[in-house]
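The chain contents come next:
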Amino acid sequence: MNPYKAVININFSVFPVDATGEANGQLLSHRELREANIRPFVLSVKGSTKEECIEALRVKLESFK
């Protein structure tokens, strides 16, 4: 039986919000985010079975809440 691996891509956008609570669409630049040492990244979890991998993924995703 082959092991399993789940890949989580973390990407994001940061933008100002206007008085109505709506995003105004003017994203912060990648340069501004890099200067703040904030960058997209990839996480992964593994399991020796499909079920172990899915459970590890569920636990990892729960940790973001």
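Residues numbered from 1 in each chain as written. Predicted model: local features only at pLDDT ≥ 70, side-chain atom pairs only at ≥ 80, totals over all residues. Heavy atoms only, no water.

## Considering the overall build of the chain
Check the secondary structure of the chain and you find two helices and two strands. The N-to-C order of helical and strand elements in the chain reads β-α-β-α. In terms of C-alpha radius of gyration, the chain reaches 17 Å, well past the compact-globule figure of 11 Å for 65 residues. C-alpha extents for the chain along the principal axes are approximately 55 × 25 × 15 Å. Expressed as a percentage of its 65 residues, the buried residues of the chain come to 9%. Contacts in the chain between residues far apart in sequence, at least 24 positions, make up 60% of those at least 6 positions apart. Only carbon and sulfur atoms are counted for the fraction: they give 54% of the accessible area of the chain, which is about 5500 Å². Taking the average location of the 9 positive side-chain charges in the chain and that of its 8 negative ones, the two points are 9 Å from each other. (Helix = DSSP H or I, 4+ residues; strand = E, 2+ residues; numbered from the N terminus. Rg over C-alpha atoms; globule rule 2.2 N^0.38 Å. Buried < 20%, exposed > 50% of the residue type's maximum accessible area, 1.4 Å probe, protein only. Contact = heavy atoms within 4.5 Å. Areas by Shrake-Rupley, 256 points an atom, 1.4 Å probe, with all protein chains shown as cover. Lys, Arg positive; Asp, Glu negative; His and termini not counted. Charge placed at Lys NZ, Arg CZ, Asp CG, Glu CD.)

## Focus on unusual backbone geometry
Despite not being glycine, Asn37 has its phi angle at roughly 60°, a positive value. When you line up the elements, Asn37 lands in the loop between helix H1 (30–35) and strand S2 (41–47).

## Remarks on the pattern of salt bridges
Overall, the coordinates contain three salt bridges when judged by the stated rule. Among the salt bridges present, the one from Lys65 reaches Glu62, with a minimum N-O distance of 3.3 Å. According to the relative accessible area criterion, Lys65 is exposed, its value standing at 78%. (Salt bridge = Lys/Arg side-chain N within 4 Å of Asp/Glu carboxyl O.)

## Description of the environment of Ile54
Examined against the element boundaries, Ile54 turns out to sit in helix H2 (residues 50–62). Each C-alpha atom, one on Ile54 and one on Ala6, is 7.8 Å from the other, the two residues being 48 residues apart in sequence.

None of this, on its own, says anything about what the molecule does.
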